[in-house]
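# Architecture and fold: a report
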Amino acid sequence: MTDPGERLRSSLAADQSSGGVSSSGMADFDSPIAMEALRATRVLHAADQDPFPAPGRIRVITIANQKGGVGKTTSTVNLGVALALYGLRTLVIDLDPQGNASTALGVEHTVGTPSVYDALIGDSSLADVVHPTTASPLLRCVPATIDLAGAEIELVSVVAREHRLRRAIEAHITALPPEERPHYVLIDCPPSLGLLTLNALVAGDEVLIPIQCEYYALEGLGQLLSNIDLVRAHLNPGISVRTILLTMYDGRTKLADQVADEVRNHFGDLVLHAVIPRNVRVSEAPGYGQSVLTYDPGSRGSTSYVEAARELAERGVGLSPIGQIEDSGTPPVPVTALPVGDAVPYPGVPRKQESQ
Ligand SMILES: Nc1ncnc2c1ncn2[C@@H]1O[C@H](COP(=O)(O)OP(=O)(O)OP(=O)(O)O)[C@@H](O)[C@H]1O
Ligand SMILES: [Mg+2]
């Protein structure tokens, strides 16, 4: 199995052999502390050295799995922070009344805070409820408050109830000048297949499913996949599962390998090579209102999320605007057909117009 930190380690080793490290007076990599400090530096100054490529279109990714505690929120937050630290404008939408993604990003979500609820049920636009984050100026968050718990019921009587989030995202992005449009919108779903998750599946153009490397990992997944098929057939022809991320991998157990193999056999190339290990720093970070990338940038949890985000970004480069692939049934101006302005230069990456 690919070691998620391998790329980072080999690039650090290259630095060392070119003398970059010793010239700064650092000890060599035999010292775990020096290694970790270097990894941390790499992550925190990432955008200067090694920015991720911009996607060929705005990617609206729904992070879903109706199984609880599999790493949906952790993955949304850490992938979001990684994408932003590496130069891509990212918007995280917390669609879970638990508000865990808001907590992990240090965004206030007490009752009364302008939140995704106001955009779904009320008349607020997303622009009214977007908050900055301390993790990166390129990362913004729409928080969820506990009010959202009532939304499943309140939405039932709302016109076009399944499309509320999609309309809100489209209106928001369309109103922004291209150079401010997010490259990535990540939607963190609650652990259920109710109207909130349905809104997220209608709003997204692709689904990322985190799968925990544990027994029963695949149980219930069939139901999620058939729901996605239903949404594709009736509500959102553009939606598909594009990414599977293996989470909480414990290399000491045979079971983790068995689950990982089973998932790879079943889903093939959809599964990212990077695997997120079980790592205590990942679980500690939200307690400090932080992602693991900012809390402990040199940890294995942090570097593996960076690798997963890099793969995600690299896979996004060749994507064409959705309107150009699907010729029927798509809404007239899908969000993803809109141009993304490149505020940050991405050397060597063809700009969208050139890649068509
Ligand atoms: N790689 C990891 N290593 C250690 N702990 C982790 C890791 N990923 C997630 N956790 C912990 O596992 C718990 C569940 O993770 P998380 O909240 O991301 O799952 P979830 O799918 O969003 O849960 P829910 O279904 O309740 O929304 C959290 O306490 C989190 O800190
Ligand atoms: Mg969650």
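Everything below is about the structure shown above.
The present account deals with the structure reproduced in this document. On a predicted model such as this, the values are computed, not experimentally measured, just so you know.

### Regarding the environment of asparagine 227
One can find asparagine 227 in helix α12 (residues 221-234). Look at asparagine 227 and you get partly exposed, because 16 C-beta atoms sit within 10 Å. Put simply, asparagine 227 and leucine 201 are 26 residues apart on the chain and 9.2 Å apart in space, counted from C-alpha to C-alpha.

### Some points on helix α11 (residues 195-203)
Of all the 9 residues making up α11, 8 are buried; the element is thus mostly covered by neighbouring parts of the structure. Buried within α11 are the following residues: Leu196, Thr197, Leu198, Asn199, Ala200, Leu201, Val202 and Ala203.

### Let's talk about the sheet that holds strand β4 (residues 139-142)
The 7 strands lie next to each other as β3-β4-β2-β5-β1-β6-β7, forming an open sheet whose pairing is mixed. Whereas interior strands pair on both sides, the edge strands pair on one side only; in this sheet they are β3 (131-132) and β7 (241-247).

### A few points about the nonpolar core
Formed by 88 residues in total, the largest nonpolar core has its most connected members in Ala82, Leu83, Val116, Val185 and Ala309. The leading source of residues in this core is helix α5 (residues 72-85), at 7 residues.

### Digging into the site of ligand 1
Surveying the vicinity of ligand 1 reveals 19 residues, the closest of which are Lys72, Thr73, Thr74, Pro191 and Ser283. Elements represented by at least two residues in the shell around ligand 1 include exactly α5 and α14 (280-284). With 3 residues, α5 is the single largest residue contributor to the shell around ligand 1. A per-class count over the shell around ligand 1 returns 6 nonpolar, 10 polar and 3 charged.

### Let's talk about the pairing of strand β1 (residues 59-63)
With respect to burial, β1 is a largely interior element, 5 of its 5 residues being buried. Of the two faces of β1, both are covered, the one formed by Arg59, Ile61 and Ile63 as well as the one formed by Val60 and Thr62. Note that β1 and strand β5 (residues 184-188) share 5 bridges and pair parallel. Bridging from a neighbouring strand, isoleucine 61 pairs with leucine 186 of β5. Sheet topology note: the β1/strand β6 (residues 206-212) ladder contains 3 bridges and is parallel. By the bridge assignment for β6, threonine 62 is matched with valine 207.

Reading the values: rules and limits
Residues numbered from 1 in each chain as written. Chains lettered and ligands numbered in written order. Predicted model: local features only at pLDDT ≥ 70, side-chain atom pairs only at ≥ 80, totals over all residues. Helix = DSSP H or I, 4+ residues; strand = E, 2+ residues; numbered from the N terminus. Buried ≥ 20, exposed ≤ 12 C-beta atoms within 10 Å, placed from the backbone. Pairing = 2+ DSSP bridges. Core = buried A, V, L, I, M, F, W, Y, C linked by C-beta atoms within 7 Å. Near = placed C-beta within 6 Å. Nonpolar A, V, L, I, M, F, W, Y, C, P; charged D, E, K, R; others polar.

Nothing here speaks to function; it is geometry throughout.
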